[in-house]
Amino acid sequence: MPEHHKVAIIGSGPAGHTAAVYLGRANLEPILFEGMMANGFAPGGQLTTTTDVENYPGFPEGVLGGELMDKMRAQSERCGAKIETETIEKLDLSERPFKLWREGASEVTDTADAVIIATGASARRMDLPGEDKYWQNGISACAVCDGAVPIFRNKPLVVIGGGDSAAEEAIYLTKYASHVHVLVRRDVLRASKVMASRLLKHPKVTVHFNTAPTEALGDGSLLTAVATKDTKTGEQGKIDANGLFYAIGHDPATSLVKGQLELDSEGYIQTIPGSAETNVQGVFAAGDVQDKRYRQAITSAGSGCMAALDAERYLAELEEGVATEERTNADQPSK
Ligand SMILES: Cc1cc2nc3c(=O)[nH]c(=O)nc-3n(C[C@H](O)[C@H](O)[C@H](O)COP(=O)(O)OP(=O)(O)OC[C@H]3O[C@@H](n4cnc5c(N)ncnc54)[C@H](O)[C@@H]3O)c2cc1C
(Lines give C-alpha, C1' and ligand atoms only; values in the text may rest on other atoms or scores of the structure.)
Protein backbone atom coordinates (compact mmCIF):
# COMPACT_ATOMS: atom_id res chain seq x y z
CA MET A 1 0.00 0.00 0.00
CA PRO A 2 1.34 3.47 -0.80
CA GLU A 3 2.15 5.67 2.17
CA HIS A 4 -0.18 8.67 2.39
CA HIS A 5 0.98 12.17 3.42
CA LYS A 6 -0.85 15.43 3.80
CA VAL A 7 1.99 17.16 2.01
CA ALA A 8 5.07 15.96 0.16
CA ILE A 9 8.05 18.18 -0.63
CA ILE A 10 10.31 17.18 -3.52
CA GLY A 11 13.77 18.75 -3.33
CA SER A 12 16.23 19.60 -0.57
CA GLY A 13 17.67 23.03 -1.28
CA PRO A 14 16.79 26.16 0.74
CA ALA A 15 13.27 26.18 -0.79
CA GLY A 16 12.41 22.59 0.18
CA HIS A 17 13.85 22.87 3.69
CA THR A 18 12.16 26.19 4.44
CA ALA A 19 8.85 24.70 3.35
CA ALA A 20 9.56 21.69 5.60
CA VAL A 21 10.28 23.92 8.62
CA TYR A 22 7.00 25.81 8.22
CA LEU A 23 4.87 22.74 7.51
CA GLY A 24 6.49 20.79 10.33
CA ARG A 25 5.76 23.60 12.78
CA ALA A 26 2.16 23.61 11.53
CA ASN A 27 1.90 19.93 12.59
CA LEU A 28 1.27 18.80 9.01
CA GLU A 29 3.97 16.08 9.25
CA PRO A 30 5.52 16.85 5.86
CA ILE A 31 7.67 14.31 4.07
CA LEU A 32 10.67 15.71 2.21
CA PHE A 33 12.35 13.69 -0.54
CA GLU A 34 15.91 14.99 -0.61
CA GLY A 35 17.07 13.03 -3.66
CA MET A 36 20.03 10.71 -4.28
CA MET A 37 22.19 12.81 -6.61
CA ALA A 38 18.95 13.88 -8.30
CA ASN A 39 19.63 16.27 -11.17
CA GLY A 40 23.34 15.85 -10.44
CA PHE A 41 23.23 17.35 -6.91
CA ALA A 42 23.78 15.79 -3.51
CA PRO A 43 21.04 16.22 -0.89
CA GLY A 44 21.15 19.91 0.07
CA GLY A 45 21.27 21.10 -3.52
CA GLN A 46 23.40 23.66 -5.30
CA LEU A 47 24.94 25.17 -2.18
CA THR A 48 26.67 21.86 -1.43
CA THR A 49 28.86 22.60 -4.46
CA THR A 50 30.26 25.85 -3.11
CA THR A 51 32.47 27.01 -0.25
CA ASP A 52 31.77 30.36 1.42
CA VAL A 53 28.30 31.84 1.34
CA GLU A 54 28.55 35.45 2.49
CA ASN A 55 25.13 36.81 1.58
CA TYR A 56 22.81 34.59 3.59
CA PRO A 57 21.50 36.64 6.53
CA GLY A 58 22.35 35.51 10.04
CA PHE A 59 25.95 34.52 9.33
CA PRO A 60 28.07 37.65 9.79
CA GLU A 61 31.29 35.72 9.17
CA GLY A 62 29.86 33.80 6.22
CA VAL A 63 29.09 30.09 6.25
CA LEU A 64 30.17 27.11 4.15
CA GLY A 65 27.46 26.08 1.68
CA GLY A 66 27.46 22.48 2.94
CA GLU A 67 27.29 23.59 6.57
CA LEU A 68 24.35 25.91 5.85
CA MET A 69 22.44 23.06 4.22
CA ASP A 70 23.27 20.66 7.11
CA LYS A 71 21.80 23.22 9.49
CA MET A 72 18.67 23.61 7.37
CA ARG A 73 18.24 19.83 7.26
CA ALA A 74 18.61 19.55 11.04
CA GLN A 75 16.07 22.35 11.50
CA SER A 76 13.56 20.62 9.18
CA GLU A 77 13.85 17.43 11.23
CA ARG A 78 13.63 19.26 14.55
CA CYS A 79 10.45 20.96 13.39
CA GLY A 80 8.83 17.63 12.56
CA ALA A 81 9.58 16.90 8.90
CA LYS A 82 10.37 13.34 7.85
CA ILE A 83 13.29 13.25 5.41
CA GLU A 84 13.79 10.41 2.95
CA THR A 85 17.05 10.14 0.99
CA GLU A 86 15.24 9.13 -2.18
CA THR A 87 14.62 10.61 -5.60
CA ILE A 88 11.09 10.90 -6.91
CA GLU A 89 11.12 9.43 -10.38
CA LYS A 90 7.53 9.90 -11.44
CA LEU A 91 4.55 11.98 -10.41
CA ASP A 92 0.88 11.85 -11.36
CA LEU A 93 -0.81 15.17 -10.71
CA SER A 94 -3.98 14.41 -12.69
CA GLU A 95 -6.13 13.74 -9.62
CA ARG A 96 -6.01 13.94 -5.84
CA PRO A 97 -4.44 12.34 -3.93
CA PHE A 98 -1.39 12.97 -6.09
CA LYS A 99 0.74 9.89 -6.77
CA LEU A 100 4.51 9.59 -6.36
CA TRP A 101 6.93 6.88 -7.40
CA ARG A 102 10.29 6.62 -5.65
CA GLU A 103 13.27 5.78 -7.88
CA GLY A 104 13.18 2.20 -9.12
CA ALA A 105 9.61 1.47 -7.95
CA SER A 106 7.15 -0.01 -10.41
CA GLU A 107 4.12 0.76 -8.23
CA VAL A 108 3.02 4.01 -6.61
CA THR A 109 4.98 4.36 -3.36
CA ASP A 110 3.43 7.51 -1.86
CA THR A 111 0.34 9.66 -2.18
CA ALA A 112 -0.20 13.23 -1.00
CA ASP A 113 -2.99 15.80 -0.77
CA ALA A 114 -0.57 18.60 -1.60
CA VAL A 115 2.82 18.61 -3.30
CA ILE A 116 5.58 21.22 -3.26
CA ILE A 117 8.02 21.06 -6.15
CA ALA A 118 11.40 22.44 -5.06
CA THR A 119 13.68 20.51 -7.40
CA GLY A 120 15.95 23.46 -8.26
CA ALA A 121 17.93 24.17 -11.40
CA SER A 122 21.46 23.80 -12.71
CA ALA A 123 23.73 26.21 -14.54
CA ARG A 124 24.66 25.14 -18.05
CA ARG A 125 28.30 24.28 -18.46
CA MET A 126 30.49 24.19 -21.55
CA ASP A 127 32.57 21.08 -20.84
CA LEU A 128 35.77 22.93 -21.74
CA PRO A 129 39.09 21.25 -21.10
CA GLY A 130 40.18 22.43 -17.63
CA GLU A 131 36.60 23.22 -16.57
CA ASP A 132 36.31 20.50 -13.92
CA LYS A 133 39.74 21.34 -12.52
CA TYR A 134 39.03 25.05 -12.08
CA TRP A 135 35.30 24.92 -11.28
CA GLN A 136 34.91 27.01 -8.13
CA ASN A 137 38.64 27.76 -8.36
CA GLY A 138 38.18 30.59 -10.81
CA ILE A 139 35.16 29.34 -12.77
CA SER A 140 31.66 30.21 -11.59
CA ALA A 141 28.15 30.48 -12.94
CA CYS A 142 26.97 33.18 -10.54
CA ALA A 143 28.49 36.67 -10.46
CA VAL A 144 26.23 37.83 -7.62
CA CYS A 145 27.28 34.81 -5.52
CA ASP A 146 31.00 34.83 -6.23
CA GLY A 147 31.97 38.23 -7.67
CA ALA A 148 33.15 39.66 -4.34
CA VAL A 149 35.46 36.74 -3.57
CA PRO A 150 39.09 37.94 -2.97
CA ILE A 151 40.56 35.94 -5.90
CA PHE A 152 38.53 38.11 -8.31
CA ARG A 153 39.20 41.53 -6.75
CA ASN A 154 41.03 43.96 -9.07
CA LYS A 155 41.71 41.11 -11.48
CA PRO A 156 40.74 40.66 -15.14
CA LEU A 157 37.65 38.49 -15.55
CA VAL A 158 35.91 36.82 -18.49
CA VAL A 159 32.15 36.43 -18.94
CA ILE A 160 30.73 34.08 -21.55
CA GLY A 161 27.39 34.84 -23.16
CA GLY A 162 25.65 37.47 -25.21
CA GLY A 163 22.21 37.71 -23.61
CA ASP A 164 20.73 39.94 -20.93
CA SER A 165 22.06 37.85 -18.05
CA ALA A 166 25.59 37.93 -19.48
CA ALA A 167 25.34 41.72 -19.78
CA GLU A 168 23.99 42.02 -16.24
CA GLU A 169 26.67 39.73 -14.81
CA ALA A 170 29.46 41.56 -16.65
CA ILE A 171 28.29 44.98 -15.47
CA TYR A 172 27.91 43.65 -11.92
CA LEU A 173 31.48 42.29 -12.01
CA THR A 174 32.95 45.69 -13.00
CA LYS A 175 32.50 46.65 -9.31
CA TYR A 176 35.25 44.23 -8.37
CA ALA A 177 37.29 43.47 -11.49
CA SER A 178 40.14 45.44 -13.03
CA HIS A 179 38.54 44.70 -16.40
CA VAL A 180 35.80 42.44 -17.76
CA HIS A 181 36.06 40.67 -21.12
CA VAL A 182 32.80 39.41 -22.57
CA LEU A 183 33.06 36.61 -25.13
CA VAL A 184 30.24 36.46 -27.68
CA ARG A 185 30.10 33.63 -30.22
CA ARG A 186 28.30 35.63 -32.85
CA ASP A 187 28.81 39.14 -34.24
CA VAL A 188 25.87 40.60 -32.29
CA LEU A 189 24.65 40.64 -28.69
CA ARG A 190 21.32 38.96 -27.95
CA ALA A 191 20.81 41.28 -24.99
CA SER A 192 18.13 43.99 -25.11
CA LYS A 193 19.14 47.31 -26.70
CA VAL A 194 19.42 49.06 -23.34
CA MET A 195 21.59 46.36 -21.77
CA ALA A 196 23.74 46.01 -24.91
CA SER A 197 24.37 49.72 -25.03
CA ARG A 198 25.25 49.88 -21.29
CA LEU A 199 27.67 47.01 -21.80
CA LEU A 200 29.35 48.39 -24.91
CA LYS A 201 29.77 51.86 -23.39
CA HIS A 202 31.21 50.64 -20.10
CA PRO A 203 34.85 51.76 -19.75
CA LYS A 204 35.82 48.57 -17.87
CA VAL A 205 34.27 46.18 -20.42
CA THR A 206 35.60 44.83 -23.72
CA VAL A 207 33.19 42.77 -25.81
CA HIS A 208 34.97 40.23 -28.02
CA PHE A 209 32.61 39.30 -30.87
CA ASN A 210 32.97 36.05 -32.84
CA THR A 211 34.97 34.64 -29.97
CA ALA A 212 34.50 31.34 -28.14
CA PRO A 213 36.48 29.90 -25.21
CA THR A 214 38.37 26.70 -25.95
CA GLU A 215 40.14 25.91 -22.67
CA ALA A 216 40.38 27.02 -19.05
CA LEU A 217 44.08 27.43 -18.24
CA GLY A 218 45.63 27.67 -14.80
CA ASP A 219 48.55 27.05 -12.49
CA GLY A 220 47.19 23.76 -11.19
CA SER A 221 45.17 25.29 -8.38
CA LEU A 222 43.61 28.50 -9.75
CA LEU A 223 42.53 29.75 -13.16
CA THR A 224 44.95 32.18 -14.80
CA ALA A 225 43.78 32.49 -18.43
CA VAL A 226 41.18 31.50 -21.00
CA ALA A 227 42.19 30.15 -24.40
CA THR A 228 39.95 31.41 -27.20
CA LYS A 229 39.16 30.86 -30.86
CA ASP A 230 37.78 33.25 -33.48
CA THR A 231 34.55 31.55 -34.58
CA LYS A 232 34.95 32.90 -38.14
CA THR A 233 38.66 32.56 -38.87
CA GLY A 234 39.59 29.87 -36.33
CA GLU A 235 42.47 32.06 -35.08
CA GLN A 236 43.57 31.06 -31.58
CA GLY A 237 43.98 33.55 -28.75
CA LYS A 238 44.44 33.82 -24.99
CA ILE A 239 43.05 36.23 -22.43
CA ASP A 240 44.74 36.46 -19.04
CA ALA A 241 41.96 36.19 -16.46
CA ASN A 242 41.53 35.08 -12.86
CA GLY A 243 37.83 34.46 -13.25
CA LEU A 244 35.60 32.87 -15.85
CA PHE A 245 31.86 33.37 -15.42
CA TYR A 246 29.36 31.34 -17.43
CA ALA A 247 26.19 33.21 -18.30
CA ILE A 248 24.79 30.80 -20.85
CA GLY A 249 21.59 29.86 -19.07
CA HIS A 250 20.19 27.45 -16.48
CA ASP A 251 18.12 24.29 -16.79
CA PRO A 252 15.24 24.05 -14.30
CA ALA A 253 14.65 20.49 -13.03
CA THR A 254 11.15 20.12 -14.42
CA SER A 255 11.22 16.79 -16.24
CA LEU A 256 8.98 15.32 -13.47
CA VAL A 257 6.15 17.77 -14.18
CA LYS A 258 6.51 18.40 -17.92
CA GLY A 259 3.10 18.01 -19.55
CA GLN A 260 1.39 18.22 -16.14
CA LEU A 261 2.13 21.78 -15.00
CA GLU A 262 2.30 24.96 -17.03
CA LEU A 263 5.93 25.76 -17.84
CA ASP A 264 7.26 28.84 -19.59
CA SER A 265 9.22 28.74 -22.85
CA GLU A 266 12.46 28.05 -20.94
CA GLY A 267 10.94 25.21 -18.91
CA TYR A 268 10.43 27.03 -15.57
CA ILE A 269 7.25 26.25 -13.62
CA GLN A 270 4.78 29.12 -13.84
CA THR A 271 3.26 30.28 -10.59
CA ILE A 272 0.46 32.75 -9.99
CA PRO A 273 2.25 36.05 -9.33
CA GLY A 274 2.55 36.78 -5.64
CA SER A 275 1.98 33.14 -4.67
CA ALA A 276 3.54 29.68 -5.03
CA GLU A 277 0.42 28.22 -6.67
CA THR A 278 0.73 26.44 -10.01
CA ASN A 279 -2.08 25.82 -12.47
CA VAL A 280 -2.93 22.57 -10.64
CA GLN A 281 -4.72 23.12 -7.37
CA GLY A 282 -2.79 21.61 -4.47
CA VAL A 283 0.55 21.72 -6.32
CA PHE A 284 2.98 24.49 -5.39
CA ALA A 285 6.43 25.42 -6.68
CA ALA A 286 9.31 27.12 -4.89
CA GLY A 287 12.95 28.02 -5.47
CA ASP A 288 15.01 28.09 -8.64
CA VAL A 289 12.63 25.70 -10.43
CA GLN A 290 10.21 28.63 -10.78
CA ASP A 291 12.61 31.58 -10.62
CA LYS A 292 14.78 32.51 -13.57
CA ARG A 293 15.47 35.99 -12.31
CA TYR A 294 16.95 36.03 -8.81
CA ARG A 295 18.26 32.46 -8.27
CA GLN A 296 19.59 33.07 -4.75
CA ALA A 297 19.47 30.96 -1.60
CA ILE A 298 17.50 33.60 0.26
CA THR A 299 14.91 34.08 -2.49
CA SER A 300 14.53 30.29 -2.68
CA ALA A 301 14.01 30.11 1.07
CA GLY A 302 11.47 32.94 0.84
CA SER A 303 9.48 31.19 -1.86
CA GLY A 304 9.67 27.94 0.14
CA CYS A 305 7.94 29.80 2.98
CA MET A 306 5.29 31.05 0.53
CA ALA A 307 4.70 27.52 -0.78
CA ALA A 308 4.30 26.16 2.76
CA LEU A 309 1.81 28.86 3.78
CA ASP A 310 -0.15 28.39 0.53
CA ALA A 311 -0.17 24.61 1.04
CA GLU A 312 -1.26 24.99 4.66
CA ARG A 313 -4.19 27.20 3.65
CA TYR A 314 -5.12 24.81 0.85
CA LEU A 315 -5.10 21.80 3.19
CA ALA A 316 -7.27 23.68 5.70
CA GLU A 317 -9.76 24.53 2.94
CA LEU A 318 -9.71 20.94 1.75
CA GLU A 319 -10.54 19.74 5.22
CA GLU A 320 -13.40 22.23 5.43
CA GLY A 321 -14.53 21.13 1.96
CA VAL A 322 -14.22 24.59 0.42
CA ALA A 323 -11.30 24.03 -1.98
CA THR A 324 -12.68 24.33 -5.50
CA GLU A 325 -11.58 22.04 -8.29
CA GLU A 326 -11.40 24.73 -10.97
CA ARG A 327 -9.47 27.95 -10.95
CA THR A 328 -11.06 31.09 -12.31
CA ASN A 329 -9.37 32.60 -15.37
CA ALA A 330 -8.12 35.50 -13.26
CA ASP A 331 -6.09 33.05 -11.20
CA GLN A 332 -4.15 31.46 -14.06
CA PRO A 333 -0.36 31.72 -13.90
CA SER A 334 0.93 34.60 -16.01
CA LYS A 335 3.08 33.82 -19.04
C1 LIG B 1 28.40 27.09 -7.07
C2 LIG B 1 27.20 27.87 -6.59
C3 LIG B 1 27.40 28.88 -5.65
C4 LIG B 1 26.30 29.60 -5.18
N5 LIG B 1 26.51 30.56 -4.24
C6 LIG B 1 25.45 31.24 -3.73
C7 LIG B 1 25.65 32.23 -2.73
O8 LIG B 1 26.77 32.51 -2.31
N9 LIG B 1 24.54 32.86 -2.26
C10 LIG B 1 23.28 32.59 -2.72
O11 LIG B 1 22.31 33.19 -2.24
N12 LIG B 1 23.08 31.67 -3.68
C13 LIG B 1 24.12 30.99 -4.20
N14 LIG B 1 23.93 30.07 -5.18
C15 LIG B 1 22.57 29.86 -5.70
C16 LIG B 1 21.78 28.96 -4.74
O17 LIG B 1 22.53 27.81 -4.50
C18 LIG B 1 20.43 28.59 -5.36
O19 LIG B 1 19.71 29.76 -5.68
C20 LIG B 1 19.62 27.76 -4.38
O21 LIG B 1 20.35 26.64 -3.92
C22 LIG B 1 18.33 27.26 -5.02
O23 LIG B 1 17.66 26.53 -4.06
P24 LIG B 1 16.48 25.52 -4.39
O25 LIG B 1 15.87 25.20 -3.09
O26 LIG B 1 15.63 26.03 -5.47
O27 LIG B 1 17.14 24.18 -4.95
P28 LIG B 1 18.56 23.56 -5.21
O29 LIG B 1 19.62 24.12 -4.35
O30 LIG B 1 18.77 23.58 -6.68
O31 LIG B 1 18.31 22.07 -4.70
C32 LIG B 1 17.35 21.23 -5.24
C33 LIG B 1 17.56 19.86 -4.66
O34 LIG B 1 16.47 19.03 -5.02
C35 LIG B 1 16.94 17.75 -5.39
N36 LIG B 1 16.03 17.15 -6.36
C37 LIG B 1 15.90 17.49 -7.68
N38 LIG B 1 15.02 16.65 -8.27
C39 LIG B 1 14.59 15.78 -7.31
C40 LIG B 1 13.73 14.66 -7.32
N41 LIG B 1 13.10 14.29 -8.43
N42 LIG B 1 13.54 13.97 -6.16
C43 LIG B 1 14.18 14.35 -5.02
N44 LIG B 1 15.04 15.39 -4.97
C45 LIG B 1 15.24 16.09 -6.09
C46 LIG B 1 18.32 18.02 -6.01
O47 LIG B 1 19.11 16.89 -5.92
C48 LIG B 1 18.82 19.13 -5.13
O49 LIG B 1 19.51 18.59 -4.05
C50 LIG B 1 24.99 29.32 -5.67
C51 LIG B 1 24.82 28.31 -6.63
C52 LIG B 1 25.90 27.59 -7.08
C53 LIG B 1 25.69 26.50 -8.11
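Residues numbered from 1 in each chain as written. Predicted model: local features only at pLDDT ≥ 70, side-chain atom pairs only at ≥ 80, totals over all residues.

Counting 52 residues, the largest nonpolar core has Ala19, Ile116, Ile117, Ala286 and Ala307 as its most contacted members. Apart from the residues lying within four places of it in its own chain, the contact partners of Ile117 are Ile10, Gly11, Val257, Ile269, Val283, Ala285 and Val289. The next biggest cluster of nonpolar side chains, apart from the first, holds 35 residues, and it includes Leu157, Ile160, Ala167 and Leu244. (Core = buried A, V, L, I, M, F, W, Y, C linked by C-beta atoms within 7 Å. Buried ≥ 20, exposed ≤ 12 C-beta atoms within 10 Å, placed from the backbone. Contact = placed C-beta atoms within 7 Å.)

Moving on: the environment of Lys229. In this structure, Lys229 sits in strand β15 (residues 223–230). Judged by local crowding, Lys229 falls into the partly exposed class, with 16 C-beta atoms found within 10 Å. In sequence terms Lys229 and Tyr56 are 173 residues apart; their C-alpha atoms lie 38 Å from each other. Those residues within four positions of Lys229 in sequence are excluded, and the remaining contacts are Ala212, Thr214, Gly234 and Gln236. (Helix = DSSP H or I, 4+ residues; strand = E, 2+ residues; numbered from the N terminus.)

Take the site of the ligand next. Around the ligand there are 42 residues in total, and Gly13, Gly35, Gly45, Gly120 and Gly287 lie nearest to it. Where the shell around the ligand is concerned, the elements lending two or more residues are α1 (14–25), β9 (121–123) and α7 (297–320). Here the residues of the shell around the ligand sort into 21 nonpolar, 18 polar and three charged. (Near = placed C-beta within 6 Å. Nonpolar A, V, L, I, M, F, W, Y, C, P; charged D, E, K, R; others polar.)

Turning to the domain arrangement of the protein chain, a few remarks are in order. When cut into domains, the protein chain gives domain 1 (3–123 + 250–320) and domain 2 (131–246). The C-alpha-based centres of domain 1 and domain 2 are spaced at 32 Å. Between domain 1 and domain 2, the contact holds five residues from the first and five residues from the second. (Domains from an automatic or database assignment.)

Glancing now at the confidence of the model for the protein chain. Mean pLDDT over the protein chain works out to 95, with 96% of the residues at or above the 70 mark. Confidence drops under pLDDT 50 across residues 326–330; counting only partners more than four residues distant or on other chains, this segment forms two contacts. (pLDDT = per-residue confidence, 0-100.)

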